[in-house]
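What follows is each chain in one-letter form.
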Amino acid sequence: MNKNHYRYVLRLGDNALILGQRMTEWCGHSPLLEEDIAMANCALDHVGRARLLLSYAAELEGEGRSEDDLAFVRSDREFENFLLCELPIGDYAFTMARQYLLDTYHYHLFTELVSSSDETLSAIAQKAIKETTYHMDRSRDWVLRLGDGSEESHERMQVALEGMWNYTEELFERDPVDVQMIAEAIGPDPEWLHSKWQADINATIKKATLSVPEKKWSLSGGRNGLHTEAMGHLLSEMQHLQRTYPGLSW
Amino acid sequence: MIFTDEQGQFDAIIEAEEKIEPRDWMPEKYRLNLVRQMSQHAHSEVVGQLPEGNWIGRAPTLRRKAILLSKVQDEAGHGLYLYSAAETLGVSREEMMNDLLIGKAKYASIFNYPTLTWADVGAIGWLVDGAAIVNQISLCRTSYGPYARAMVKICKEESFHMRQGYEIMQVLACGSAAQKAMAQDALNRWWWPTLMMFGPHDSESANSQQSMKWKIKRQSNDELRQKFVDQTVKQADHLGLAIPDQDLKWNEERGHYDFGPIDWEEFARVVKGGGLCNDARLEARRTANDEGQWVKDALMSYAEKHSKSDVDQVA
Ligand SMILES: [Fe+2]
Ligand SMILES: [Fe+2]
């Protein structure tokens, strides 16, 4: 097994799964009935993407594990998603700001992965890019409307961005996994993604009459299994049945 | 034939099994009856997201999570169609929603029962959506055009809802002893409340006689309930699960299953607010509404600002 290749795909799958799990929390509780529908729809795309990626990761690992083994019977130290994905949902401004930052990241990432030397990953990216384009249009629209909406929504959106800004540098870190993926033309250079991402985000923030937060710290660790306290709770909910009744079919 | 009087024309449309459309004259009581029934139906779809939503985060496999998510998403969509259909009667979604939040409008009482185990998700799909289908198929022939068309659209999605629920029960019923017990327990808890979904016996239901005359309702509560029992007994047998009713047995003469007495006191109590989840369900909807207010305000401000600046640009 190529361990780095496995971890690269696993990380993509974990990001989709953990963010998707967070998005489902809005089902039946969002500010508008239309949003219940739209949020469920986007969450569904994330769960679907997580299934494809985790199945493929399991295949690369070659130890007979399934997508569900990876999702439901790993501990939080074995999850390699970005910390940004696991943060609690907060208010609707926080939720949509996070979606926008990650949708934009995924948009540029999947655009590149379409031409990956890994054919499976390329096929997954081709499907994901269609959904992600829609997700990003939607979340950008929310950042604009809330940022340039009422005084209260402007304030909330600014607070949301400040609150998550320290977690954004993690999206563009480069470790030996990434270095090998770049060398094998499997994945893009995170630095390149960073410049693309930053330009889009800056433009939207400006258009939304908001200001780009100042980065004070870089908080990271997720990609090496070092998570926030929120992660254990997320997993204890998500993994509840598989942990209570190990090894059964559902 | 041309009718000079509006009532005569309305009666003729009903008589001819044609549809009343929003632009047609209709008796005020017919309109109010429909507003009540359609808004109640819409509220049920929206509140109906909550009991199953309670398990999306804990769905046991990613496949089940995806299926449940798309089912709950459908229910929100049904709510949306139904509110739009009801709005053709001259009442706004906000007014209808507000009646729900202040406790004036009702929603299906079944959603005031808690979902305690994963098998409850199966039981809801199988039984509750199964009962909804029986009712909604009948409503495809309702006399109000927009309602009938909404029902046709919704029925197409409901069969997937029932199938996924039945499939969950099937897997559990063939699973470990604990899973099988979980499935039986869910059937035990959901069976009677599902039978109550069809409403009081015909002899007790004054409302529904007028609805039948207007062809808003096409089959009586008892007819629909019987139809549901007849089709569900076979399914339970197939699953190897026991319906919790000692009086349930085939009646050769009637060509239907006989079943035991329904606990109408429990029904009345839950309708009036005394179910385990009445407070929680309403509270969840109120919180979504209250905490969503700043979002709705923001959308308004944004729209105002931007329509103004568009005008400025043109000028
Ligand atoms: Fe429905
Ligand atoms: Fe349904």
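Conventions adopted
Residues numbered from 1 in each chain as written. Chains lettered and ligands numbered in written order. Predicted model: local features only at pLDDT ≥ 70, side-chain atom pairs only at ≥ 80, totals over all residues. Heavy atoms only, no water. Donors = N, O, S within 2.8 Å, 3.2 Å for Na, K, Ca; no water. Tetrahedral: all angles 85-135°; square planar, octahedral: opposite > 155°, others 65-115°. Helix = DSSP H or I, 4+ residues; strand = E, 2+ residues; numbered from the N terminus. Buried < 20%, exposed > 50% of the residue type's maximum accessible area, 1.4 Å probe, protein only. pLDDT = per-residue confidence, 0-100. 1 Å grid on protein atoms, 1.4 Å probe; cavity = no way out; pocket = protein on both sides within 12 Å on 5 of 7 lines; lining within 4 Å. Points joined across faces, edges and corners; volume = space filled by probe spheres on them. Arc of directions from axis to C-beta. Patch = residues over 30% accessible without salt bridge, like charges linked within 9 Å, V, L, I, M, F, W, Y side chains within 5 Å. Areas by Shrake-Rupley, 256 points an atom, 1.4 Å probe, with all protein chains shown as cover. Salt bridge = Lys/Arg side-chain N within 4 Å of Asp/Glu carboxyl O. Lys, Arg positive; Asp, Glu negative; His and termini not counted. Charge placed at Lys NZ, Arg CZ, Asp CG, Glu CD.

Asks: Let's hear about the coordination of the iron ion (ligand 2): which residues, and what values?
Replies: Residue and element names in this part refer to chain B. Around the iron ion (ligand 2), the donor atoms from the protein are Glu75 (OE), Asp129 (OD), Glu158 (OE) and His161 (ND1), and they sit 2.0 to 2.2 Å away. One can describe the site at the iron ion (ligand 2) as irregular: its 4 donor atoms subtend angles covering 86 to 168° at the metal. Along the chain, the residues that donate to the iron ion (ligand 2) are spaced as E-x53-D-x28-E-x2-H. Here the iron ion (ligand 2) and the iron ion (ligand 1) are spaced 3.3 Å apart, linked through Glu75, which binds each one. Taken together, the residues Glu75 in helix 4 (residues 62-87) and Glu158 in helix 7 (residues 145-173) connect sequence positions 83 residues apart. Comparing Glu75 with Glu158 shows no difference in burial state: the two are buried.

Asks: Give me the lowdown on the coordination of the iron ion (ligand 1), citing residues and values where you can.
Replies: Residues and elements named next belong to chain B. Protein coordination at the iron ion (ligand 1) comes from Glu45 (OE), Glu75 (OE), His78 (ND1) and Glu158 (OE), with a distance range of 2.1 to 2.3 Å. Given 4 donor atoms and angles of 80 to 156° at the metal, the environment of the iron ion (ligand 1) is assigned as irregular. Of note, the donors binding the iron ion (ligand 1) are all from one chain and are spaced E-x29-E-x2-H-x79-E.

Asks: Lay out the confidence of the model for chain B with the relevant residues and their values.
Replies: Counting all residues, the mean pLDDT for chain B is 95, and 97% of those residues have values of 70 or more. Reported for the predicted complex are a pTM of 0.96 and an ipTM of 0.98.

Asks: Describe in detail empty space enclosed by the protein, supporting the description with residues and values.
Replies: All names here are of chain A. Across all of its chains, the model carries 1 cavity of 30 Å³ or more by this definition. Approximately 140 Å³ is the volume found for the largest cavity. Going through the elements one at a time, helix 1 (3-24), helix 5 (92-113) and helix 9 (190-207) are the ones with two or more residues in the lining of the largest cavity. Broken down by element, the lining of the largest cavity gets its largest block of residues, 4 residues, from helix 1.

Asks: Describe helix 5 (residues 93-101) of chain B, listing the residues and the values that go with them.
Replies: Residue and element names in this part refer to chain B. Taken together, the buried positions of helix 5 are Arg93, Met96, Met97, Leu100 and Leu101. When helix 5 is viewed along its axis, its buried side chains cluster within an angular range of 140° and face the same direction. One or two residues past the end of helix 5 sits Gly103, with phi positive at roughly 80°.

Asks: Describe a negative patch on the surface, with residues and values.
Replies: On the surface, Asp5, Glu6, Asp11 and Glu15 of chain B cluster together to form a negatively charged patch. Turning to its location among the elements, Glu15 of chain B is positioned in helix 1 (residues 6-15).

Asks: Any details on the pattern of salt bridges? Residues and values, ideally.
Replies: For the structure shown, the criterion picks out 35 salt bridges over all chains. Salt-bridge contacts for Glu131 of chain A lead to Lys127 of chain A; the nearest nitrogen and oxygen are separated by 2.8 Å. Note that Glu131 of chain A and Lys127 of chain A are positioned in helix 6 (residues 119-147) at a spacing of 4 residues, about one turn of the helix. The class for Glu131 of chain A is buried, based on a relative accessible area of 13%. By relative accessible area, which is 42% here, Lys127 of chain A ends up partly exposed. In this structure, Lys71 of chain B and Glu52 of chain B form a salt bridge, with 2.7 Å as the shortest nitrogen-oxygen distance.

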